[in-house]
Amino acid sequence: MTIKFGLIGGGVMGEALLSRLIARGIYQPSEVIVSEPLSARQGFLQQKYDVNVTTDNGLVFTEATEVVFLAVKPQVFSAIAQELADIITIEISPLVISILAGVSLNQLEAAFPQLPVIRAMPNTPATVGAGITAICLGAYTSAKHQQIAQQVFSAVGEVVEVSETLMDAVTGLSGSGPAYVALMTEALADGGVAAGLPRGIANQLALQTVLGTAKLLQESKMHPAELKDRVTSPGGTTIAGIAQLERSGFRSALIEAVKVAAQRSQELGK
Ligand SMILES: NC(=O)C1=CN([C@@H]2O[C@H](COP(=O)(O)OP(=O)(O)OC[C@H]3O[C@@H](n4cnc5c(N)ncnc54)[C@H](O)[C@@H]3O)[C@@H](O)[C@H]2O)C=CC1
Ligand SMILES: O=C(O)[C@@H]1CCC=N1
């Protein structure tokens, strides 16, 4: 069968995408090739998903007719670009989708001259189909390429299209955001333990509170400030908690976290 989808880098995000694309039947395992240098990882992906595997990134480019998906760390991007320089000169034209933090369309188009390129930023909830991905389109893309990217990322959650100038901000917010929410969930549970709850119950309460609040905000379309007001009884427990959060700079800490993560994304592309 023809190979349609090539993945370079079978790590956390590569696998998240791969698993959903196959589960949803968007690509058959035999239509997928994954390039991954770690043999244990390669063996795992081959066994679990029955996909073709290789250590040869060039082979991915020459074989994949539809999409080459780049999911390596930004730090190895220039080495990969150099390695692929000769391959790119031959007659191939897959859509290149990069999820590398900070790596710009200019850098991608310099590495893959004349190829259609899409820069994207998904996030780890993609693993369970609850991700959100921002995409921006390169100079050589057409409506067909946009459609392919929509289809690929719709398999793992929501998709928004933004201008490239916003991609670092996206990275600082939704790309890195799951880590902030995980940290907050853990801290909420720790607070529960500090207040006397058994660990298991505290974890369950913290997780369902985060999940339920997100669901309520999403389904009701209520502004977060309104939900906060609804929970906060005069002279009650919540306002005492919020006053402490404000004294500890909670909101400012989150705002600054997103800002420095966005700055770091910018640095990674240099
Ligand atoms: N982890 C996350 O939440 C998100 C990550 N990203 C981006 O996704 C990319 C991958 O991140 P993760 O999946 O977290 O990293 P990871 O380290 O889990 O995966 C990278 C994979 O690339 C492989 N690799 C290393 N050198 C290679 C080479 N020369 N050729 C082919 N494969 C090679 C590694 O063995 C590894 O399996 C990064 O650029 C990151 O900025 C984007 C959105 C969210
Ligand atoms: O931490 C990082 O650099 C990557 C990009 C967004 C999430 N993880």
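Residues numbered from 1 in each chain as written. Chains lettered and ligands numbered in written order. Predicted model: local features only at pLDDT ≥ 70, side-chain atom pairs only at ≥ 80, totals over all residues. Heavy atoms only, no water.

A. The sheet that holds strand β6 (residues 117-121), seen in detail. Read across the open sheet, the eight strands follow the order β3-β2-β1-β4-β5-β6-β7-β8; overall the sheet is mixed. The open sheet has two free edges, formed respectively by β3 (52-54) and β8 (157-161), since each of these has just one partner strand. Adjacent strand axes in the sheet meet at a mean angle of 20°, parallel and antiparallel pairs treated alike. Sheet analysis places β6 next to strand β7 (residues 131-137), joined by four bridges and oriented antiparallel. Of the residues in β7, the one forming a bridge with Ile118 is Leu137. (Pairing = 2+ DSSP bridges. Helix = DSSP H or I, 4+ residues; strand = E, 2+ residues; numbered from the N terminus. Axes fitted to C-alpha atoms, helices over the stretch in contact; angles between N-to-C directions.)

B. How the structure looks around the environment of Ala169. Of note, Ala169 is situated in helix α7 (residues 167-175). For the pair Ala169 and Leu18, spaced 151 residues apart in sequence, the C-alpha to C-alpha distance is 26 Å. Residues contacting Ala169, with those up to four places away along its chain left out, are Val258 and Ala262. (Contact = heavy atoms within 4.5 Å.)

C. Expanded view of the layout of surface pockets. Considering only enclosed or pocket space, the largest pocket measures out at about 2700 Å³ in volume. Considering the residues around the largest pocket, the lining is formed by 48 residues, among which Val181, Met184, Val210, Thr213 and Leu217 are closest to the centre. Broken down by secondary-structure element, the contributors of at least two residues to the lining of the largest pocket are β7, α7, α8 (177-194), α9 (199-220), α10 (224-231), α11 (237-247) and α12 (250-268). When grouped by side-chain class, the residues that make up the lining of the largest pocket number 29 nonpolar, 14 polar and five charged. Counting contributing residues, the lining of the largest pocket receives three or more from each of domain 1 (5-164) and domain 2 (177-268). Here the second largest pocket defines a volume of roughly 720 Å³. Contributing to the lining of the second largest pocket are 32 residues, with Met13, Ala71, Val72, Lys73 and Pro74 lying nearest its centre. (1 Å grid on protein atoms, 1.4 Å probe; cavity = no way out; pocket = protein on both sides within 12 Å on 5 of 7 lines; lining within 4 Å. Points joined across faces, edges and corners; volume = space filled by probe spheres on them. Nonpolar A, V, L, I, M, F, W, Y, C, P; charged D, E, K, R; others polar. Domains from an automatic or database assignment.)

D. Representation of the UniProt feature "binding site: NADPH" (unreviewed entry) in the protein in the model. The UniProt record annotates "binding site: NADPH" (unreviewed entry) at Asn57. Here Asn57 shows up in helix α3 (residues 57-63). Accessibility expressed as a relative area gives 9% for Asn57, which makes it buried. Those residues within four positions of Asn57 in sequence are excluded, and the remaining contacts are Ile8, Ser35, Ile80, Glu83 and Leu84. (UniProt positions renumbered as here; feature names shortened; annotations may be inferred. Buried < 20%, exposed > 50% of the residue type's maximum accessible area, 1.4 Å probe, protein only.)

E. Structural context of the site of ligand 2. Ligand 2 sits among Ala101, Gly175 and Ser176. More than half of the atoms belonging to ligand 2 lie within 2 Å of the grid points that define the second largest pocket. (Near = heavy atom within 4 Å. Sits in = over half its atoms within 2 Å of the grid points.)

F. Up close: the site of ligand 1. Neighbouring ligand 1 are 22 residues, the closest being Val12, Met13, Glu36, Val72 and Ala101. In the model, an oxygen atom of ligand 1 is placed 2.6 Å from a nitrogen or oxygen of the Glu36 side chain. In this structure, Lys73 approaches ligand 1 through a side-chain N or O atom, which is 3.1 Å from an oxygen atom. Against a free-state accessible area of 820 Å², the protein chains account for coverage of 79% of ligand 1. In a pocket analysis with a 2 Å cut-off to the grid points, ligand 1 is assigned to the second largest pocket. The residue makeup of the shell around ligand 1, split by class, is 14 nonpolar, six polar and two charged. (Polar contact = N/O pair within 3.5 Å; in protein donor to acceptor, adjacent residues only side chain to side chain. Areas by Shrake-Rupley, 256 points an atom, 1.4 Å probe, with all protein chains shown as cover.)

G. Inspection of the packing of helix α1 (residues 12-23) against helix α2 (residues 39-49) at higher detail. Following both chains from N to C, one finds α1 and α2 inclined at 15°, their axes separated by 12 Å at the closest point. With respect to α2, the element α1 is oriented roughly parallel. Crossing angle aside, the handedness with which α1 passes α2 is right-handed. Residues Val12, Glu15, Leu18, Ser19 and Ile22 of α1 touch α2, and the partners they reach there are Arg41, Phe44, Leu45, Lys48 and Tyr49. Within the contact of α1 with α2, the residues separate by chemical class into six nonpolar, one polar and three charged. (Parallel < 35°, antiparallel > 145°, perpendicular 65-115°, else oblique. Left-handed = near helix turned anticlockwise from the far one by under 90°.)

H. Focus on the packing of α7 against α12. Running from amino to carboxyl end, α7 crosses α12 at an angle of 130°, the nearest separation of the two axes being 7 Å. Taken together, α7 and α12 sit at an angle that is classed as oblique. Note on packing geometry: the crossing formed by α7 with α12 is right-handed. For the pair formed by α7 and α12, the contact residues are Asp168, Ala169, Thr171, Gly172 and Leu173 on the first element and Val258, Ala261, Ala262, Ser265 and Gln266 on the second. Here the residues of the contact of α7 with α12 sort into five nonpolar, four polar and one charged.

I. Here's a closer look at the environment of Thr65. Its location among the elements puts Thr65 in the loop between α3 and β4 (67-70). Take Thr65: its relative accessible area is 48%, and that puts it in the partly exposed class. Sequence-wise, Thr65 and Lys4 are 61 residues apart; in three dimensions their C-alpha atoms are separated by 4.8 Å. Not counting the four nearest positions on each side in its chain, Thr65 is found in contact with Thr2, Ile3, Lys4 and Pro94.

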